[in-house]
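Inside the fold
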Amino acid sequence: MSIMLNGIGVSRGIGIGDAYVLYREQPEVQEYLITEEDVDNEIQRYTRAKYAALTELSSIKKRIDSDTPDEILAFIDTHLLMIDDPVLNTGVLNHIKKLRNAEWALQIQCERLISVFDNMQDDYLKTRQDDIYHVVRSIQLCLGDENPQHQHHGSGLRGKVIVADDLTPADTILLKHQKIAGFITEYGGPLSHTAILARSLGIPALVGVHKARQLINANDKVILDGQRGMLIIAPDHKSLKHFKTLKRQHEQRKIDLKRLANQPAITRDNQHITLHGNIDRPEDVKALRKVEQTGVGLYRTEMMFINAQTAPNEEEQYLEYRKAVKALKGNPLTIRTLDLGGDKEMKDTQQHGPLVHNPAMGLRAIRRCLKHPESFLLQLKAILRASAFGPIRIMIPMITNHSEIDQVVLMIKQAKAELDIKKQAYDDNIPLGAMIEVPAAALSAETFAERLDFLSIGTNDLIQYTLALDRIDDEVSYLYDPLHPSVLRLIDMTLQAGRNAGIPVSLCGEMASDATYTRLLLGLGLKYFSVPATALLEIKSIIMGANILSLEEEVRQILKLHHHVDISRAVDSINRNKHTAPLKLHG
Ligand code: PEP
Ligand code: MG
């Protein structure tokens, strides 16, 4: 029977595939098919692992002190019984006979048993799920020790829909290479960095699907619609056909949009708009240039740190930045200095910030860099050295006050002085800009603009901090509202500040890549957009169909409205008459 669930669609596209349910607390389970001849060996391998797990647990039982409470002893006895439980073991052997490797067979049986417990009314029995996890984990670890030499048939995750409690940005980067069909998480908001990564990688994704891991079993067929925010488990033939058609249409639209590649983004009333890309790693430049030969408005350098065991040193960073700027072949590269903190942390706990209740408001981004000037200096020197190879701009995240700008300016001076001593080349006129992400910064944009070469509005954080909603908490994601009058006013003020000071102001938050807001932003006077490569041509098609002069008038009226419903209706209305660039006429 099909089941339909709702979640928060965070990355457009249709994902169709078999589910791969990720249990963080278990070792990663390898999946591959074995041959008929391998079945006996695989059964023996499983049996050996099971006995190894039993022996290990029995020896723990023998070693524990005589004054250990009875409950603990009873707990170990329960686990010993469960490891040897016929329901668990017969199920595993049956899956192996269906040519699954032992790890995979054990995983499938584990999920079956968990779902049985899950349907029980008794809360105590429900908690026994944890025992199953622990027991299965102990056998999986022993299976891992046996180190199977079987042929692994390609990537186990290719074409799968990943179902997880939550994915960190680091997990998402690792999944990127596996060509998954999409992912579903139980937690997370639309502005989490995981969601942003999914969009920039073009992976259909849904977050906030509570209890997804209880409702979806390993290998269930799943359809997820990242635009409408829904998923279907075990779809019937009709739904499958319908969503396959939608998927094809989505892909066709992407192909049609390619006709706009490298055409200038000029509006109907002849205004030139700059469209840059957002990247996470130098390798992303290649994907960007496939879509458009343009510059980068946001390079999130922290992505290089979050999967590293230790922080990259100056040389390693320099090589990365140089790779990116060289790949851009003369187009500008805006390097955002390290924005660690919030939902982006390094693996190595030593590098983590202190445990705080409210990391988004804590020692994040420039605050963290200024707290560790020796590491910040390394990054500044690496950026400066790379600037000898092409146009680079330095962008400071989460700026809040002038004293932070003073300190950054001093540190850039120091970095240059140290490079001078070593006679290392750099661009002495490297532009310095800041992100407007905190309401205080938008309110001070006028005076910031007098001291900086450019500004860039980070609406993801600007919305988070203005509306006091944690961007990774799905419970408050209903408050996320780029059309909130306060948000619109802060954007308007920042754009005005840039015009007064004669410096460019770009917008690099997710709002820039959502076609719903393109005409509104153009009407507010935005001339520089920075978006993931996957959204660039869609946004360009709207820009090419817009007439800014008439939009400006309409948007001035929108700024006078107070209520979300009225603003949203007015934005719908300016979008209804929208023209998009005539995709079929060119090329
Ligand atoms: C933003 O806050 O809008 C932004 C672009 O930065 P990040 O999403 O990396 O915090
Ligand atoms: Mg930000």
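Everything numeric in this text was worked out from a predicted model, so none of it was measured. (Residues numbered from 1 in each chain as written. Chains lettered and ligands numbered in written order. Predicted model: local features only at pLDDT ≥ 70, side-chain atom pairs only at ≥ 80, totals over all residues. Heavy atoms only, no water.)

**Some words on the pairing of strand S12 (residues 392-396)**
As a reminder, the rule being used: Only protein chains enter the calculation, and the probe is 1.4 Å; a residue is then buried if its accessible area is under 20% of its type maximum, exposed if over 50%, and partly exposed in between. Here a helix means four or more residues in a row that DSSP labels H or I, a strand means two or more in a row labelled E, and each is numbered from the N terminus. Two strands pair if DSSP finds at least two bridges between them. Note on handedness: a clockwise path from strand one over the helix to strand two, with the strands aimed away from the viewer, defines a right-handed crossover.
Of all five residues in S12, five are buried; the element is thus mostly enclosed. Burial of the side chains of S12 extends over both faces: Ile392, Ile394 and Ile396 are buried on one face and Arg393 and Met395 on the other. Across four bridges, strand S11 (residues 333-336) lies against S12 in parallel orientation. When the bridges of S12 are listed, Ile335 appears paired with Ile394. With three bridges connecting them, S12 and strand S13 (residues 432-436) associate as parallel partners. Residue Ile394 lies in a different strand from S13, and its bridge partner there is Leu432. You can see the chain leave S12, run along helix H16 (residues 402-421) and come back into S13, and the turn it takes is right-handed.

**Focus: the sheet that holds strand S6 (residues 205-207)**
For clarity, the threshold we go by: For helices, the fitted line uses only the C-alpha atoms of the stretch in contact; every axis is such a line through C-alpha atoms, and the angle between N-to-C directions lies from 0 to 180 degrees. Contacts are assigned to residue pairs that have any heavy atoms within 4.5 Å of one another.
Reading across the sheet, the eight strands line up as S1-S8-S7-S3-S4-S5-S6-S2 and stay open at both edges, with mixed pairing between neighbours. Of all strands in the sheet, those bounded by a partner on one side alone are strand S1 (3-6) and strand S2 (8-11). Sheet twist, expressed as the mean angle between neighbouring strand axes with direction ignored, is 30 degrees. Two elements, S1 and strand S8 (residues 230-233), share four bridges in a ladder whose sense is antiparallel. Its bridge partner lying in S8, Met4 is registered against Ile232. Where helix H8 (residues 193-201) meets the sheet, its contacts fall on S2, strand S5 (182-185) and S6, and the angle it forms with S2 comes to roughly 55 degrees.

**Focus: helix H10 (residues 237-257)**
For clarity, the threshold we go by: For a helix, the expected span equals 1.5 Å multiplied by the residue count minus one.
The first and last C-alpha atoms of H10 sit 30 Å apart over 21 residues, in line with the 30 Å expected at 1.5 Å per residue. When we look at burial in H10, the residues that qualify are Ser239, Leu240, Phe243, Leu246, Asp256 and Leu257. Looking at the buried positions of H10, the neighbouring elements they touch are strand S3 (14-21), strand S7 (221-225), S8 and helix H22 (533-544).

**Concerning the environment of Ala449**
Along the chain, Ala449 falls in helix H18 (residues 445-451). With 108 residues separating them along the chain, Ala449 and Gly341 place their C-alpha atoms 26 Å apart. If we ignore the near neighbours within four places in the chain, the residues touching Ala449 are Leu455, Ala497, Ala501 and Ile503.

**Regarding the site of ligand 1**
Selection rule: Being near a molecule or strand, for a residue, comes down to having at least one heavy atom within 4 Å of it. Each polar contact in these results corresponds to two N or O atoms within 3.5 Å; when the atoms are within protein, one needs to be able to donate a hydrogen and the other to accept it, and residues that are neighboring in sequence are counted only if both atoms are side-chain atoms. Accessible surface area values rest on a Shrake-Rupley calculation with a 1.4 Å probe, where residue burial reflects the displayed protein chains alone.
Lining the immediate surroundings of ligand 1 are 17 residues, of which Arg300, Arg336, Glu437, Asn460 and Arg471 lie closest. Measuring from an oxygen atom of ligand 1, one finds a side-chain N or O atom of Glu437 at 2.8 Å. Within the backbone of Thr459, one N or O atom sits 3.1 Å away from an oxygen atom of ligand 1. Relative to its unbound accessible surface of 290 Å², ligand 1 loses 100% to contact with the protein. In terms of residue count, the dominant contributor to the shell around ligand 1 is helix H19 (residues 459-467) (three residues).

**Some remarks on unusual backbone geometry**
Only a minority of non-glycine residues have a phi that is not negative, and only a minority of peptide bonds are not trans. A positive phi angle is found at Leu99, which is not glycine, with a value near 75 degrees. Tracing the backbone shows Leu99 in the loop between helix H3 (86-97) and helix H4 (102-118). Looking at Leu99, the relative accessible area reads 23%, which means it is partly exposed. Within the chain, Asn270 stands out as a residue other than glycine whose phi angle is a positive 65 degrees. Among the secondary structure elements, Asn270 is positioned in the loop between H10 and strand S9 (274-279). Asn270 gets classed as exposed once you look at its relative accessible area, which sits at 66%.

**Brief notes about a positive patch on the surface**
Worth spelling out the cut-off: Think of a patch as exposed residues, more than 30% relative accessible area, with no salt bridge, where like charges cluster within 9 Å and nonpolar side chains (Val, Leu, Ile, Met, Phe, Trp, Tyr) cluster within 5 Å. Any Lys or Arg side-chain nitrogen found within 4 Å of a carboxyl oxygen on Asp or Glu counts as a salt bridge. His is not counted here, nor are the chain ends, while Lys and Arg score as positive and Asp and Glu score as negative. Here the site of a charge means NZ on Lys, CZ on Arg, CG on Asp, or CD on Glu.
Judged by side-chain charge, Lys254, Lys258, Lys286 and Lys290 come together as a positively charged surface patch. Tracing the backbone through its elements, the reader meets Lys290 in helix H11 (residues 284-291).

**A few points about the coordination of the magnesium ion (ligand 2)**
Under ideal tetrahedral coordination, the four donors around a metal are separated by 109.5 degrees; under ideal octahedral coordination, the six donors are separated by 90 or 180 degrees. Where we set the bar: Here the coordinating atoms are restricted to nitrogen, oxygen and sulfur within 2.8 Å of the metal centre, or 3.2 Å for Na, K and Ca, and because water is not among them the sites may look incomplete.
Here the magnesium ion (ligand 2) is held by Glu437 (OE) and Asp461 (OD), and the distances to it run 2.0 Å. Highlighted residues: Glu437 in the loop between S13 and helix H17 (439-443) and Asp461 in helix H19, separated in sequence by 24 residues. Side by side, Glu437 and Asp461 carry an identical accessibility label, which is buried.

**A closer look at the pattern of salt bridges**
Following the criterion strictly, the structure yields 27 salt bridges and no others. For Asp18, the salt bridge goes to Lys221, with nearest N and O atoms at 3.6 Å. Highlighted residues: Asp18 in strand S3 and Lys221 in strand S7, separated in sequence by 203 residues. The class of Asp18 is partly exposed, set by a relative accessible area of 29%. Salt-bridge contacts for Arg45 lead to Glu42; the nearest nitrogen and oxygen are separated by 2.9 Å.

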